[in-house]
Amino acid sequence: MTDRQYIIGEFSPASDDDLIICRCEEITKGEIRRAVFDGMFNICEVRRLLRCGMGLCQGLTCGRLVKSVIAGEIGLSATALEDATARAPMRPTEMFIFAKEVTDE
Amino acid sequence: MSFDLMVIGAGPAGLSAAAEAASHGLKVAVFDENALPGGQLFKQIHKFFGSKEHKAKMRGIDIGIELLEETDSLGVKVFLNSPVVGLYKNREIVVRQKETVRHFKADSIIVATGASENLLPFDGWTLPGVMGAGAAQTMMNINRVKPGNRVLMLGSGNVGLVVGFQLLQAGCELVAIADAAPRIGGYGVHASKLTRTGVPFYLSHTIMRAEGRENVTGVVIGQVDENWQHIPDTEKHFEVDTICLAVGLSPSAQLLKMAGCKMSQNGTPVCDKSGETSLYNIFAAGDVSGIEEASSAMIEGRISAAAAAKKLGFISEKSFQKRSGELDAALSELRQGMFAPQNRNAPLEKTDEGFNISKSLLKKGYITEEEISEYPGFKPGAGIRPVIECTQNIPCDPCRDICPKGCIKVENIVSLPVYDENTNCTGCGLCVAACPGQAIFLTDDRPGKVEEGKVAITIPYEFLPLPEKVGPGMAYDRSGAPLCPAYVSKIQESAFLGKTPLVTFVVPKNMAMRARFWKAV
């Protein structure tokens, strides 16, 4: 769902906006909702803006939750939204470890 | 370094795949991010359902040991502490090992990365003390740490029910099991193990908030209507220090997605019958390809491995057909019954045999006395005999296989067990211990063995400490309500019972079909 023409109205605060959705990066439901109202209709865009799902657990816990918040605001079912792009490294890996890549086997 | 087959994940599916492939002569490596192999198997301290070929009535931990012996003896190389951080469609993986990343290649890859727990956000969900049920299980059964003292479980699927029981075994108090759904999601027998110890179920209830400043000190649940909307003034408060969430699992399919496998909308890879994804010689087996029981995962792993062996020319088309035929048959047996994946949302009304499914069992977690008397395993009478309180079609038959006298009939794997009164039950208790659902009891009123007017009831009792012989206590009914004083007349423990001790207690005869649990007073 990347249709920029999608009209979802004006953002209005909700009572549970302070609820933390992404624990690693401490991103709240309100922040994600606001991002949707600012025109970010998929998980990749929201993630780039807010870093939700980019912390230690790499979205293993919050991936589904972020998706359902976004889908809820646009009025879609969560399965209609695509998951975040999966790319290496699939587990958090420090750069100095990458620098020691063994390539000659 | 290169292999014929690389398996990602050393859980039930991955280890089974590795063992199967190695048995066909493939050079196999398994990679796992954890320090110990086995995935979730080693924390499954309960007995599995199924048939002999599915390792029924074995505990997950023992199945894990057996699988590791098999992979060891076949020369499978298992790399631990080795998270696979990248998977590419040319069947190359990137693995982090200590402070380096290394590349490995194989002709075939089986991804068996399992699943991760879903969590649910509510007010206070980030407080220490809120955890996944699986996390609590890891604390208890792997790390030997009690997760808390008073626990509320959200979720009545098999994970919630099984972990709930294990919390009791670890000495925690389980104050309640809540579920937003209107019926208990897991096996009735698992629920009944809890209710007879006094655990209440709150169906159509969800968590409103967790209380506490530094950690959980309480929880409030509230009722929801059929549209999952909160009904005002239905809040219930419990003092707890732990909240366990058993609200489902999500396949850990990120590596497959990264490699470019075609994915379906529910987050699983699109696979053919052998588990091969849209990418050539890259397979998915176990929970990563769809959440099921570990028993199914183990067979799926073997099916994928047999297919890989055939595609790489290690076995002939003919021997592949034979092997995959056996495995497919075993898998389709497990995928029968009212809890099978294809029946997941079907209404539970009647058993295959036409008996009414107990409404009380689905709502409250126990079957009522009126309901239970309908079933073919429930035949009250004189002498010693098994009383089988198995009332849902679940693929499982150890009770039939273990009885040395052939007293119990199970027509096909999902049929309800039938007690044949024309046989000679000797009261050996093997069926009581073998039943993975702990749903078989013995009643004994033989003159000379039991006092006049009394009956001895034998129950499976997987709690410590074991009762003291002739210890005073109370008998409880299926709902966990106290019935009458009862003393313990016998405690049996032996290797044949598979570490399920049997406790026999004596109650007045009119309690024979009511008393189903015993507690010391």
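In this text the structure is predicted, and so the values were computed from the model without any measurement. (Residues numbered from 1 in each chain as written. Chains lettered and ligands numbered in written order. Predicted model: local features only at pLDDT ≥ 70, side-chain atom pairs only at ≥ 80, totals over all residues. Heavy atoms only, no water.)

Chemist: I would appreciate a short explanation of the packing of aromatic side chains in the present structure.
Modeler: Aromatic ring pairs: the centre-centre distance and the angle between the two ring planes describe each pair. Residues and elements named next belong to chain B. Here the structure, examined in full by the defined rule, presents 14 aromatic pairs over all chains. Pairing F79 with F104 gives two aromatic rings, centres 5.4 Å apart and planes at 50°, and the pair type is tilted. Placement of the pair is F79 in strand β3 (residues 77-79) and F104 in strand β6 (residues 100-111), with a sequence separation of 25 residues. We note that F79, like F104, is buried. On the numbers, 5.9 Å between centres and 20° between planes, the contact of Y461 with F517 is stacked. In this pair, Y461 is assigned in the loop between β22 (454-460) and β23 (472-476) and F517 in strand β26 (residues 517-520), connecting sequence segments 56 residues apart. Taken individually, Y461 and F517 each receive the classification buried, so the pair is uniform in this respect. Clustering of aromatic rings is evident, with ring pairs tying together F3, F31, F79 and F104. Positioned over the ring face of F165 is K193, at 4.5 Å from the centre of the ring. In this arrangement the basic side chain of K519 is found over the ring face of Y476, its NZ or CZ atom lying 4.7 Å from the centre. (Phe/Tyr/Trp six-rings, centres within 6.5 Å; stacked < 30°, edge-to-face > 60°. Helix = DSSP H or I, 4+ residues; strand = E, 2+ residues; numbered from the N terminus. Buried < 20%, exposed > 50% of the residue type's maximum accessible area, 1.4 Å probe, protein only. Lys NZ or Arg CZ within 6 Å of the ring centre and 35° of its normal.)

Chemist: Explain the sheet that holds strand β14 (residues 236-238) of chain B here, please?
Modeler: Across a sheet, strands are paired by hydrogen bonds formed along the backbone, either parallel or antiparallel in direction. Residues and elements named next belong to chain B. Read across the sheet, three strands follow the order β12-β13-β14 without closing on themselves; strand pairing throughout is antiparallel. Each end of this open sheet is capped by a strand with a single partner; those strands are β12 (205-211) and β14. For this sheet, the mean inter-axis angle between neighbouring strands, taken without regard to orientation, is 25°. Pairing of strand β13 (residues 218-223) with β14, which is carried by three bridges, proceeds in the antiparallel orientation. Bridge pairing links I221 to K236 in β14. (Pairing = 2+ DSSP bridges. Axes fitted to C-alpha atoms, helices over the stretch in contact; angles between N-to-C directions.)

Chemist: Mind showing me how you'd approach the environment of V387 of chain B here?
Modeler: All names here are of chain B. Summarising the element assignment, V387 is placed in strand β18 (residues 384-388). Judged by relative accessible area, V387 falls into the buried class, the value being 0%. Each C-alpha atom of the pair V387 and M474 lies 20 Å from the other, and the pair is 87 residues apart in sequence. Residues contacting V387, with those up to four places away along its chain left out, are G377, F378, A439, I440, F441, T443, M513 and R516. (Contact = heavy atoms within 4.5 Å.)

Chemist: I keep staring at the environment of N34 of chain B and nothing clicks. Help me out?
Modeler: All names here are of chain B. Within the fold, N34 resides in the loop between β2 (28-31) and α2 (60-73). Among the residues examined, N34 registers a relative accessible area of 40% and is labelled partly exposed. Taking the C-alpha atoms as reference points, N34 and A309, 275 residues apart in sequence, are found 27 Å from one another. Every residue in contact with N34, bar those within four places of it in the chain, is listed here: L80 and N81.

Chemist: I would appreciate a short explanation of the interface of chain B and chain A in the present structure.
Modeler: By a widely used convention, the size of an interface equals the accessible area lost when the partners come together. Of the residues lining the interface, 29 residues belong to chain B; the matching set on chain A comes to 29 residues. In this assembly, chain B packs against chain A so that about 2,600 Å² is buried in total across both faces, 58% of it on carbon and sulfur atoms. Counting the contacts that link chain B with chain A gives three salt bridges. The salt bridge partner of K100 of chain A is E99 of chain B, with a shortest N-O separation of 3.3 Å. The tally of links between chain B and chain A comes to 10 residue pairs in polar contact (both at pLDDT 80 or more). At the level of secondary structure, the elements contributing two or more residues to the side of chain B that touches chain A comprise β4 (84-88), β6 and α6 (254-259) of chain B. (Buried area = accessible area lost by both parts, 1.4 Å probe. Salt bridge = Lys/Arg side-chain N within 4 Å of Asp/Glu carboxyl O. Polar contact = N/O pair within 3.5 Å; in protein donor to acceptor, adjacent residues only side chain to side chain.)

Chemist: What should I look at first to understand the layout of surface pockets in this one?
Modeler: Any space left empty among the atoms is revealed by the rolling of a water-sized probe across them. All names here are of chain B. Approximately 330 Å³ is the volume attributed to the second largest pocket. What lines the second largest pocket is a set of 16 residues, and nearest its centre among them are L168, Y461, F463, F517 and K519. When contributions to the lining of the second largest pocket are tallied by element, the ones reaching two or more residues are β10 (173-179) and β26. Here the lining of the second largest pocket takes four residues from β26, the largest share from any one element. Of the residues belonging to the lining of the second largest pocket, the class tally is 12 nonpolar, two polar and two charged. (1 Å grid on protein atoms, 1.4 Å probe; cavity = no way out; pocket = protein on both sides within 12 Å on 5 of 7 lines; lining within 4 Å. Points joined across faces, edges and corners; volume = space filled by probe spheres on them. Nonpolar A, V, L, I, M, F, W, Y, C, P; charged D, E, K, R; others polar.)

Chemist: For this particular structure, what's the right way to read the nonpolar core?
Modeler: In summary, soluble globular proteins display a tendency toward joint burial of nonpolar side chains. Counting 49 residues, the largest nonpolar core has M153, L167, L174, L194, I459, F505 and V507 of chain B as the members making the most contacts within it. At five residues, the largest contribution of residues to this core is made by helix α4 (residues 158-169) of chain B. Setting aside chain neighbours within four positions, we find L174 of chain B in contact with V151, M153, G164, L167, L168, L194 and V199 of chain B. Counting residues in hydrophobic clusters, the runner-up holds 42 residues, among them I43, C44 and C62 of chain A together with A210 of chain B. (Core = buried A, V, L, I, M, F, W, Y, C linked by side-chain atoms within 4.5 Å.)

Chemist: Looking at this structure, I do not really get the side chain of Q166 of chain B. What am I missing?
Modeler: All names here are of chain B. If you trace the backbone, Q166 turns up in helix α4. The exposure class assigned to Q166 is buried, which follows from its relative accessible area of 2%. With sequence-adjacent residues up to four places away left out, Q166 is seen in contact with K43, I45, H46, Q137, M140 and N141.

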